[in-house]
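Residue strings, one per chain:
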Amino acid sequence: MTEAIGNSSFDVITDEEYQRQCAVYEPFTDAVRRLIEAGIRTGVDAETLSGAQTEIEAIVDRLLAVQKPVPSIVRLADTGRPLSYANPTVGLRNAIAPPMGITHHDGPDGRCWAEFDLGLPYEGPPGLVHGGICALVLDQLLGEVASAGLTKPHFTGTITVRYLRGTPLGRVRAEAWVDRTDGVKTFARGTLSDAEGVTVEADGIFIRPQWARG
């Protein structure tokens with residue numbers, strides 16, 4: 001079933017169907033993710049690299065032999081929560097997205113958090129996460145918490161990011177919460193941390209779009 005909301009359309013699927021897709025696509029996407037890192041780390045000779053390129057191009061051709069118009073976002077019938085295939089932070093089929101499972105907590109501030117790894121593909125300065133990746137992760141978390149787990153859409157109006165120190169590559173924790181609301185605006189705050197504490201802080205204003213104000 002397809003559902004139109006604002007200027008977007010969603011395929012509505014059951015939780016059972018989504019779990020089936022996760023079982024198929026999560027290991028596949030993780031394999032592509034490993035390929036990306038292998039391409040950065042490899043030290044094989046030119047002949048081996050050329051052979052690998054030929055194999056990769058053949059795999060791409062196999063995958064694209066059947067293409068279908070897959071919507072970038074689906075909506076779960078049970079909860080109404082939208083789920084993205086292509087989102088660069090949480091997309092099920094997007095290998096550049098870290099496996100960033102987000103946990104939402106009930107409560108007045110709607111707090112949510114995620115723990116995940118940011119490895120070599122996300123490096124900026126040597127050994128540190130690129131600052132733009134830190135901002136991307138926090139924009140996603142703040143947007144989710146402002147949107148009540150994406151069930152009440154809010155779009156980023158402004159976001160301010162403060163880098164307290166470099167974020168080392170490896171395990172990180174991102175956290176966000178609602179600071180306050182004012183009409184169609186939700187003010188959210190969040191942090192990115194490593195094992196030693198907070199490395200990045202962010203706050204933003206998120207706006208409920210016109211089509212969601214009914």
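Residues numbered from 1 in each chain as written. Predicted model: local features only at pLDDT ≥ 70, side-chain atom pairs only at ≥ 80, totals over all residues. Heavy atoms only, no water.

The chain carries the name Acyl-coenzyme A thioesterase THEM4 in an unreviewed UniProt entry, which gives Mycolicibacterium phocaicum as its organism. Here the chain is described in UniProt, under the heading Sequence similarities (unreviewed entry), as follows: "Belongs to the THEM4/THEM5 thioesterase family." (UniProt positions renumbered as here; feature names shortened; annotations may be inferred.)

> I'd like a description of the sheet that holds strand E7 (residues 155–163), backed by residues and values.
Strand order in the open sheet made by the six strands is E5-E6-E8-E9-E10-E7, with antiparallel pairing throughout. For this open sheet the edge positions go to strand E5 (103–104) and E7, each flanked by a neighbour on one side alone. Here E7 runs beside strand E10 (residues 197–207); their pairing, made up of eight bridges, is antiparallel. Counted as the bridge partner of Val-161 is Ala-202 from E10. (Pairing = 2+ DSSP bridges. Helix = DSSP H or I, 4+ residues; strand = E, 2+ residues; numbered from the N terminus.)

> An account of a nonpolar patch on the surface is requested, with residue identities and associated values reported.
A surface patch of nonpolar side chains, about 590 Å² in accessible area, is lined by Phe-28, Leu-35, Ile-56, Ile-59, Val-60, Leu-63 and Leu-64. Secondary structure elements with two or more residues in the nonpolar patch: helix H1 (15–41) and helix H2 (46–63). It is H2 that contributes the most residues to the nonpolar patch, four residues altogether. Within the secondary structure layout, Leu-35 lies in helix H1. (Patch = residues over 30% accessible without salt bridge, like charges linked within 9 Å, V, L, I, M, F, W, Y side chains within 5 Å. Areas by Shrake-Rupley, 256 points an atom, 1.4 Å probe, with all protein chains shown as cover. Salt bridge = Lys/Arg side-chain N within 4 Å of Asp/Glu carboxyl O.)

> Describe H1, listing the residues and the values that go with them.
Compared with the 39 Å implied by 1.5 Å per residue over 27 residues, the 37 Å span of H1 between its first and last C-alpha is a close match. The largest bend in H1 comes to about 30°, at Tyr-25, with the proline Pro-27 one to four residues further on. Those residues of H1 that sit buried are Tyr-18, Gln-21, Cys-22, Thr-29 and Arg-33. (Expected span 1.5 Å × (residues − 1). Bend = angle between axes of the 7 residues up to and from the residue. Buried < 20%, exposed > 50% of the residue type's maximum accessible area, 1.4 Å probe, protein only.)

> Requested: an account of the domain arrangement of the chain, with residues and values cited.
Splitting the chain by domain gives domain 1 (7–97) and domain 2 (101–212). If you average the C-alpha positions of domain 1 and of domain 2, the two centres end up 23 Å apart. Opposite the 14 residues of domain 1 that make contact, domain 2 presents 12 residues. Across the domain 1 to domain 2 interface the summed buried area is about 1000 Å²; carbon plus sulfur atoms make up 61%. Looking only at domain 1, the three residues that lose the most surface to domain 2 are Ile-40, Arg-81 and Thr-89, adding up to 41% of its buried area. Taken together, the links from domain 1 to domain 2 amount to three residue pairs in polar contact (both at pLDDT 80 or more). At four residues, H1 tops the list of elements feeding residues into the side of domain 1 that touches domain 2. The residue inventory of the side of domain 1 that touches domain 2, partitioned by class, reads eight nonpolar, three polar and three charged. (Domains from an automatic or database assignment. Contact = heavy atoms within 4.5 Å. Buried area = accessible area lost by both parts, 1.4 Å probe. Polar contact = N/O pair within 3.5 Å; in protein donor to acceptor, adjacent residues only side chain to side chain. Nonpolar A, V, L, I, M, F, W, Y, C, P; charged D, E, K, R; others polar.)

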